[in-house]
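# An overview of the molecular structure
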Amino acid sequence: MKLAAWMARRRPPLSLSLFWFRFRRSMARRLSQEAHIIAFLLGMVLSGTAFGGIVAGELRPADKLELANQLEAFLLATLHGQLASGSSVFASRLISDAAWLALVWLAGSSAVGIPIVAAAVFARAFETGFAVAFTSLQFGWKGFAVASIGIFVHQAVFLFAFLIAGVNAIRFSYQIVAQSVPLYQWTLQFLRYTGRSVMCLGGVMLAAAVQAFVVPPMVSRLLGG
């Protein structure tokens, strides 16, 4: 007993390096377990982005003209500082993006969530590919630069959080289908699933802040130059 007590007193505290090692090992294990889901959703992102770019190049002339006029009016408003306030843009962007996140959370709570999550990821990637391709086609290299800053930066931050939420939703939906969790544990598992989804809201808030407070001055400076 004395030896055990002495060993307990001599046991070193959990160091930061040991914590970091365990965290990396846990993340590596989790990534290896979910690699197939990540690859599937990344495929949805790539195919959606490519398809959006193709559709942008195949629009009818009348549709191209209408969208080009709207885009030019938006760029002029950005250049002259006539957009809504940053707080208004942040609120509207956050509500819109959070609705997508809520859709994925709701889909993951059901047995048919996997195709819905895949469709949602594809749709957002399609939106990104279409917007970037159309802006680039209409305004050349400057349009590509504006699209890279004004569209892609926000979408990249959002899609990162969206993919994490999508992986979480697909995993939980699969557990429902496979019934791999005992019935008495479902409440705890659902709360954990919801907690992980809420954590993804931090990435959505960061994306909205970038779109509201970082992108407009950068685009204005680029257009002014």
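Residues numbered from 1 in each chain as written. Predicted model: local features only at pLDDT ≥ 70, side-chain atom pairs only at ≥ 80, totals over all residues. Heavy atoms only, no water.

### Regarding the environment of leucine 65
Our working definition: Numbering of helices and strands runs from the N terminus; a helix is a DSSP stretch of H or I covering at least four residues, while a strand is a stretch of E covering at least two.
With respect to the helices, strands and loops of the structure, leucine 65 is situated in helix α4 (residues 61–79). The sequence separation of leucine 65 and glutamine 138 amounts to 73 residues, and the corresponding C-alpha distance is 9.6 Å.

### Here we look at the environment of phenylalanine 152
Stated precisely, the cut-off is as follows: Think of it in three bands: with a 1.4 Å probe and only protein chains considered, a residue is buried below 20% of the maximum accessible area for its type, exposed above 50%, and partly exposed in between. The contact criterion used is simple: two residues touch if any of their non-hydrogen atoms lie within 4.5 Å.
Mapped onto the elements, phenylalanine 152 comes out in helix α6 (residues 113–178). Overall, phenylalanine 152 belongs to the partly exposed group, its relative accessible area being 47%. C-alpha separation for the pair phenylalanine 152 and glutamine 211, spaced 59 residues apart in sequence, amounts to 10.0 Å. For phenylalanine 152, the contacting residues outside a window of four places in its chain are Thr128 and Ala147.

### Details of the nonpolar core
As a reminder, the rule being used: Throughout this description, the term nonpolar core refers to a set of buried Ala, Val, Leu, Ile, Met, Phe, Trp, Tyr and Cys residues connected via side-chain atoms within 4.5 Å.
Counting 26 residues, the largest nonpolar core has Leu41, Leu101, Val104, Val117, Val121, Phe158 and Phe162 as its most contacted members. For this core, the secondary-structure elements that each account for two or more residues are α3 (35–57), α5 (86–108), α6 and α7 (186–224). The leading source of residues in this core is α6, at 13 residues. Excluding residues within four positions of it along the chain, phenylalanine 162 makes contact with Trp100, Leu101, Val104, Ala120, Val121 and Arg124. Counting 13 residues, the second-largest nonpolar core is a separate cluster that includes Ala56, Ala68, Val210 and Val219.

### Concerning the pattern of salt bridges
Let me state the cut-off plainly: The working definition used for a salt bridge is a side-chain nitrogen of Lys or Arg within 4 Å of a carboxyl oxygen of Asp or Glu.
As enumerated under the stated definition, the model contains three salt bridges in all. Between arginine 124 and glutamate 127 there is a salt bridge whose closest N-O contact spans 4.0 Å. You can see arginine 124 and its partner glutamate 127 sitting in helix α6, three residues apart, about one turn around the helix. Of the residues examined, arginine 124 reaches a relative accessible area of 0% and is grouped as buried. Put simply, Arg93, Asp97, Arg124 and Glu127 are held in one network by salt bridges that share partners.

### Some remarks on the side chain of serine 136
On the secondary structure map, serine 136 appears in helix α6. The residues contacting serine 136, other than those within four sequence positions of it, are Gly143 and Phe144.

### Topic: the packing of aromatic side chains
Both the distance between ring centres and the angle between the ring planes are used here to describe each pair of aromatic rings. Where we set the bar: Think of it this way: a Phe, Tyr or Trp ring, Trp meaning its six-membered ring, pairs with another when their centres are within 6.5 Å, and the plane angle makes it stacked under 30 degrees, edge-to-face over 60, tilted otherwise.
Enumeration according to the criterion identifies 11 aromatic pairs in this entry. Judged by centre distance (6.3 Å) and plane angle (20°), the rings of phenylalanine 126 and phenylalanine 130 are stacked. Here phenylalanine 130 and phenylalanine 126 lie together in helix α6, a separation of four residues that amounts to about one turn. Pairing phenylalanine 172 with phenylalanine 190 gives two aromatic rings, centres 6.2 Å apart and planes at 55°, and the pair type is tilted. Of this pair, phenylalanine 172 sits in helix α6 while phenylalanine 190 sits in helix α7, placing them 18 residues apart in sequence. Taking relative accessible area as the criterion, phenylalanine 172 reaches 5% and is therefore assigned buried. What makes phenylalanine 190 partly exposed here is its relative accessible area of 31%.

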